[in-house]
Amino acid sequence: VKNTNESIYYNVDEIHRAISQNRQISFQYTEWTVSKERHLKKGGARYQISPWQMIWQDGNYYLIGVDEKSGIVKHYRVDKMLKILTENEARNGAELFRKFDSARFAAGTFGRPGMVMISPVSATINPAPAEIFRLRTVTSKSVGAPSFV
């Protein structure tokens, strides 16, 4: 059953807002138990992430960003996030994401081609107040092993 919870769209909006403002986000992350109950991971501790991109895969939104605690690129399913806050700290990882191959990361992480990348694009004509996002379909020819360089 695909999740149609309206709060997902609020989460997506908050993540896009943080990306456009070049800010980190924090949130609580959950998992589903065998009895189909939501359970807070890490005892409800907040995750602090520098958000960079979102993808749509198999009916779910995923955030790709730099985990501030470990300094590595991670992904999070947006419908499992609770209480997303945009933080005052600027995002980290700009140099990493200039060279980052999202298609390879997604292929290595999710193991499938054909996902839709939602990537920020700078507006050059009639720029909007926030970054503009476009959809780009990734084909099996453009994916490979994960790249972290």
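Asks: I would appreciate a short explanation of the pattern of salt bridges in the present structure.
Replies: Applying the stated criterion to the full structure yields 5 salt bridges. Note that Asp 67 is salt-bridged to Lys 74, the shortest N-O span being 3.6 Å. Classification of Asp 67 by relative accessible area gives buried; the value is 5%. Lys 74 sits in the partly exposed class, given a relative accessible area of 27%.

Asks: Could you clarify how one ought to interpret the pairing of strand β1 (residues 23–32) in this entry?
Replies: Across a regular strand the side chains alternate sides, sitting on one face of the sheet and then on the other. The buried count for β1 comes to 7 of 10 residues, which makes it a mostly enclosed element. Of the strand pairs in this sheet, β1 and strand β6 (residues 81–90) are connected by 5 bridges, and their pairing is antiparallel. Bridging across to β6, Gln 28 finds its partner in Leu 82. Relative to strand β2 (residues 38–40), β1 is paired through 3 bridges, and the arrangement is antiparallel. Paired with Trp 32 across the strands is Arg 38, a residue of β2. Between β1 and β2, which pair antiparallel in sequence order, lie 5 residues; one of them, Lys 36, sits at a positive phi of approximately 60°.

Calculation criteria
All residue numbers here refer to positions counted from 1 along the written sequence of the relevant chain. Owing to the predicted nature of the model, reporting of local features is limited to residues with pLDDT of at least 70; listing and counting of side-chain atom pairs is limited to 80 or more, with chain, interface and lining totals taken over all residues. To get the side-chain values, take all heavy atoms of the structure and skip hydrogens and water. Basic side-chain nitrogens of Lys or Arg form a salt bridge, by our definition, when they fall within 4 Å of a carboxyl oxygen of Asp or Glu. For each residue, the accessible area found with a 1.4 Å probe, counting protein chains only, is set against the maximum for its type, and the residue is called buried under 20%, exposed over 50%, and partly exposed in between. In DSSP terms, a helix is any run of H or I states spanning at least four residues, a strand is any run of E spanning at least two, and both are numbered starting from the N terminus. The criterion for strand pairing is that DSSP finds at least two bridges linking the strands in question.

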